[in-house]
Amino acid sequence: MKLFALCVSLLLAISNAPSSAAPQSGKSVWLSSLDLSRMHQGWGKAHADKSVTEKAITIAGKTYNHGVGTHAASKIWIDLHGQAARFLASVGVDDNTKERKGSVEFRIIGDGKNLWRSGIMKSGEAAKSLDVDLRDVNKLVLLVTDAGDGQDFDHADWADAQFVVSGSIPVAIDPPAEPRTVLTPQPGLQPRINGARVFGMRPGSPFLFTIPATGEKPRHYEVEKLPEGLNVDPMSGQITGTIRQAGVYETIVKVSNAHGTTSRPFKIVCGDKLALTPHMGWNSWYVWETHVSDKIMRDAADAMVKTGMVDHGYMYVNIDDCWARVPGSKDSTLGGDLRDQQGRILPNKRFPDMKSLTDYIHSKGLKAGIYISPGPTTCAGYTGSYGHEETDVKQFVDWGYDFLKYDWCSYDKVAGSRSRESLEKPYKLIGDILRDQKRDIVLNLCQYGMGNVWEWGKAVGGNSWRTAGDLGGSFEGIATALFRDGFDVYSNNKLHLYGGPGGWNDPDYLLLGYLSNWNGQTVPTPLSPNEQYTHVTLWALVAAPLIFSGDMTRLDDFTLGLLTNDEVIDVDQDPLGKPGYRVWRNEDQEVWVRELEDGSKAVGLFNRGEFEASVTAKWSDLGVTGKQRVRDLWRQQDIGVFHAEYTAKVPRHGTIFLRCFPSR
Ligand code: GLA
C-alpha cells in the first residue's frame, strides 16, 4: 500500500513539474510537491502554491503560480539522495500582510555547507533569483530566519522553487533523530553539598534554608558558627529561626553519612539584599496554566522532595496565574466576591486554604511563591492588585509566601503610556511595600523586557526581571524563542552587564519534561535532546533563575539529569554572580564564557546550525593564558590539559559545557 502511494505521489510530483522555467537537463520537481507538513515554521502552516495566508504568492507586486508560502523561522530538511543537480527559485517577503514590516533571510545549506544566502530581505523588495548547484549534495536544508529582529509579519515565499534531478526525486524528511542520552552521572554514595553557597536575608525575617546535599541516606547535618537565632535540624538539614543582628555570617556546613563527612563554607548575609544567587524552583504555568490547584501545588512540593530536586538546591514552589477569582465569572469554582469586607483578596475554590498550603510547602523545607498583576486583572483575567497593593502584600505575608511574580498584564489600562516612568511606577510601589515587611519576599518583575527593564529592575526592588516575552507562548516555537531570546536578545542588549547578586536577568522558565501544548494536552517538550542541553547550559552560563515549569510528577531520568547536574548548577549558583556572555560567533556557532569565583571559567560551545560542527574556544577569547585543565561539566569528567585552545565537535543545536581551570 505504502509503496503504491509513494509511486502515485512521485508520478504526480513529476507530471506537475514546471515547464516554463524548466532547466535544460534532468527532470524538474516543484518544491511545493514535497510533503510540506515537514516544514517547521514560527507561525501558521506552509502552503503549496499559496502564501502562508493562502493567497496567491506575490512578491513586490509580481505574482507566482508555483512555490511555497511559509513564515519565519522556517525550516525543511530534504533528502536529495545525491541525485539532484540544481535548485532554482525566486525568494522574497510576501506582499499579503497589512503591516508590510516583514524582514527575513533565506539560506540554503547542503551537507553542512552554506550554499546560498539571500542577505536580509524586506517587505516590498523585489524577489531574488537563485540557481544553486546541488551535485553530490545528500541532505539539503532550506531555512528562513527572522533576520534577527523577531518574526512578526515575516511571510516568506520560495516562489517558483524547483529541483532539477537526474534520478530519485527529493523527499522531505525529519531532521536527524537525537538520542536522549543521560549525561549527568548518578550522585555518589559519599555526601556532597550542593546549590547556593551564599544566602541573603533581612534582620528579623523568618529564615528557612534547607541544606542541599546528596549521598546515601540517612544523612546527618551540622552547621558550625551558626549565628544566634538560627538552628539546624540534624536529620533534615533545615536551618530555621531569625537573625536580629545584620551582618555577614561565615558558617561551615557539614554533612555526614555511612560513607564519610564533607564540609563547605556557607555564607549567610543578613542585610537588605535577597536572592544573592539566582532562584531555583518550580512554577506551575507552563504545565498547569489555568488549571492550577492546591493539590497540584502540594503534589509538586512532594515531588521536589521525592525526586531529590531539593537535594540539588531547588527551593521555591510557585503558583502562577489563576489562583484568585475571576471578575464576573458565572463558574461557581472561579466566581463570587473578589475580596472580603476588609478588601482582602480571596482565592478561588481550587485553593481552599492558602495558609495551610504554604505551611505544607514549608514543612518540606521548601518556600512558596505566588503571582498577581499590578493591573485590575491578571493576564488570564483573574483579580489583580490595582488599588489594593498594600492589602495584597499584607495578605501574602499572612499566608506565608516567600516569592512574588508581579506580571504587568492589564496594567496598560491604567498606565496611560509606556514611558519609563509609567513602566517603573507599579514595580517601585510594590518593591517599597515588600521591603517594609517582616518577611522576605523575593520579587520577580514580569513585563517582558519593556523599557529595558534590566537597566532599572534592581533599583525598583526587583530580584529578577523577565527579559523577553513568554518563552513558551507558542508551543511549537519554543526552540526558536530559546535561540532568539536566550542568545540574541541577551547578547544584543549586553544583559551580562545588568544581572548580579540581588537582581537577575530572567529569560523565563526551563521548558523541559511534560508541558501544556495549550490545546488541552500535557505532552513532552518540543525541544530536541540537544536543544534541552543547550537550554540548561545557557541558563547556567547567564546566571538565570533555574525555575522548571514542566510536570513535577512526571520526571523521567533524562529530564531529572538535565535539572540536577550539580557541576552545572554550581556554575549557575556561583557566588561571584557574574553572568556570562558571548565572546565569539560565526554564522551558526558560538562560544560563551562566565567568570567564576575560584578563578576558573565556565565555557559553552554552542552550535545553532543544522549539522554537527567543530567549535574552538581560544584562550585569547576566554581571557585566559597558559595551560588549562578542561573539564566536561555535563559528564563531570576531566578531558585533559590544553595550551592555547580547545576544539570539540558540537552536535546540531547542541552544546559542550566546559570549565577551564588554570593548570600548574
Ligand atoms: C504572562 C506571563 C507568563 C504567565 C502568564 C499567566 O503571559 O508572561 O509567564 O505568568 O502571563 O497568565
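Above this text you will find the structure in question.
Attention in this report is confined to the structure presented alongside it.

Rules behind the numbers
Residues numbered from 1 in each chain as written. Predicted model: local features only at pLDDT ≥ 70, side-chain atom pairs only at ≥ 80, totals over all residues. Heavy atoms only, no water. Helix = DSSP H or I, 4+ residues; strand = E, 2+ residues; numbered from the N terminus. Rg over C-alpha atoms; globule rule 2.2 N^0.38 Å. Buried < 20%, exposed > 50% of the residue type's maximum accessible area, 1.4 Å probe, protein only. Contact = heavy atoms within 4.5 Å. Areas by Shrake-Rupley, 256 points an atom, 1.4 Å probe, with all protein chains shown as cover. Polar contact = N/O pair within 3.5 Å; in protein donor to acceptor, adjacent residues only side chain to side chain. Pairing = 2+ DSSP bridges. Axes fitted to C-alpha atoms, helices over the stretch in contact; angles between N-to-C directions. Near = heavy atom within 4 Å. Nonpolar A, V, L, I, M, F, W, Y, C, P; charged D, E, K, R; others polar. Salt bridge = Lys/Arg side-chain N within 4 Å of Asp/Glu carboxyl O. Disulfide = S-S within 2.5 Å. Parallel < 35°, antiparallel > 145°, perpendicular 65-115°, else oblique. Left-handed = near helix turned anticlockwise from the far one by under 90°. Expected span 1.5 Å × (residues − 1).

## Details of the overall build of the protein
Scanning the protein for helices and strands turns up 13 helices and 40 strands. For 664 residues, the compact-globule estimate of 2.2 N^0.38 gives 26 Å, and the protein sits close to it at 27 Å. In terms of overall dimensions, the protein has a C-alpha envelope of 90 × 65 × 50 Å along the principal axes. Buried positions account for 58% of the 664 residues belonging to the protein. Restricting to contacts in the protein with at least 6 residues of sequence separation, those with at least 24 account for 72%. Split by element, the accessible area of the protein, about 26600 Å² in all, is 50% carbon and sulfur.

## A closer look at the side chain of Q162
With respect to the secondary-structure elements, Q162 resides in strand β12 (residues 155–165). Judged by its relative accessible area of 1%, Q162 is buried. Polar side-chain contacts of Q162 include one of 3.2 Å to the backbone oxygen of D160.

## Examining the sheet that holds strand β18 (residues 220–224)
The strand order β15-β22-β21-β18 describes an open sheet built from four strands, whose pairing is mixed. The sheet is open, and its two edges are formed by β15 (198–201) and β18, each paired on a single side. Averaged over all pairs of adjacent strands, the angle between their axes in this sheet comes to 25°, without regard to strand direction. Sheet topology note: the strand β21 (residues 247–257)/strand β22 (residues 260–270) ladder contains 11 bridges and is antiparallel. Across the sheet, G247 pairs through a bridge with C270, a residue of β22.

## Observations concerning the sheet that holds strand β20 (residues 238–241)
Taken in spatial order, the three strands line up as β16-β20-β19 in an open sheet, and their pairing is antiparallel. The two strands at the open ends of the sheet, each matched to only one other strand, are β16 (207–210) and β19 (230–232). Each adjacent strand pair in this sheet contributes to an overall mean axis angle of 15°, direction not counted. Sheet topology places β16 next to β20; four bridges connect them, and they run antiparallel. Each residue of the ladder has a partner; that of F209, found in β20, is I239.

## Remarks on the site of the ligand
All residues adjacent to the ligand are W285, D320, D321, Y371, C379, A380, K405, D407, C446, Y448, R466 and D470. For the ligand, an oxygen atom lies 2.6 Å from a polar atom in the side chain of D320. The side chain of D321 places a nitrogen or oxygen atom 2.7 Å from an oxygen atom of the ligand. Contact with the protein chains covers 93% of the free accessible surface of the ligand, which is 310 Å². Across the shell around the ligand, the residue classes break down as six nonpolar, no polar and six charged.

## Focus: the pattern of salt bridges
Taken as a whole and judged by the stated rule, the model has 48 salt bridges. The shortest N-O distance in the salt bridge between R202 and D440 comes to 4.0 Å. Taken together, the residues span a long stretch of sequence, with R202 in the loop between β15 and β16 and D440 in the loop between α7 (420–435) and β27 (442–446) at a distance of 238 residues. Residues R202 and D440 agree in their burial class; the two are buried. The salt bridge involving K364 is made with D302; its shortest N-O contact spans 3.1 Å. With a gap of 62 residues between them, K364 in the loop between α4 (354–363) and β25 (367–372) and D302 in helix α3 (residues 294–306) connect regions that are remote in the sequence. What you see here is one network of salt bridges that share partners, running through E105, R107, R117, E587 and D588.

## Considerations on the state of the cysteines
Enumeration according to the criterion identifies one disulfide in this entry. The disulfide partner of C379 is C409, and the gap between their sulfur atoms is 1.9 Å. What sets the handedness of the C379 and C409 disulfide is the S-S torsion sign, and at about -90° it is left-handed. In this pair, C379 is assigned in the loop between β25 and α5 (389–399) and C409 in the loop between β26 (403–407) and α6 (412–415), connecting sequence segments 30 residues apart. Overall, C409 belongs to the buried group, its relative accessible area being 15%.

## Remarks on the packing of α5 against α7
At a minimum axis separation of 10 Å, α5 and α7 run at an interaxial angle of 45°. Classified by the interaxial angle, the pair formed by α5 and α7 is oblique. Note on packing geometry: the crossing formed by α5 with α7 is right-handed. Between α5, through E389, E390 and V393, and α7, the contact on the second element is made entirely by L429, I430, I433 and L434. By residue class, the composition of the contact of α5 with α7 is five nonpolar, no polar and two charged.

## Quick word on helix α9 (residues 478–492)
When the terminal C-alpha atoms of α9 are compared, their 20 Å separation across 15 residues agrees well with the 21 Å that a helix rising 1.5 Å per residue should span. Among all positions of α9, only I478, A479, A481, L482, F483, D485, G486, F487, D488, V489, Y490 and S491 are buried. Where α9 is buried, its residues contact β29 (504–506), β30 (514–516), α10 (529–541), β33 (581–585), β34 (589–595) and β35 (601–607). Directly after α9, the chain includes K494, whose backbone phi takes a positive value near 50°.

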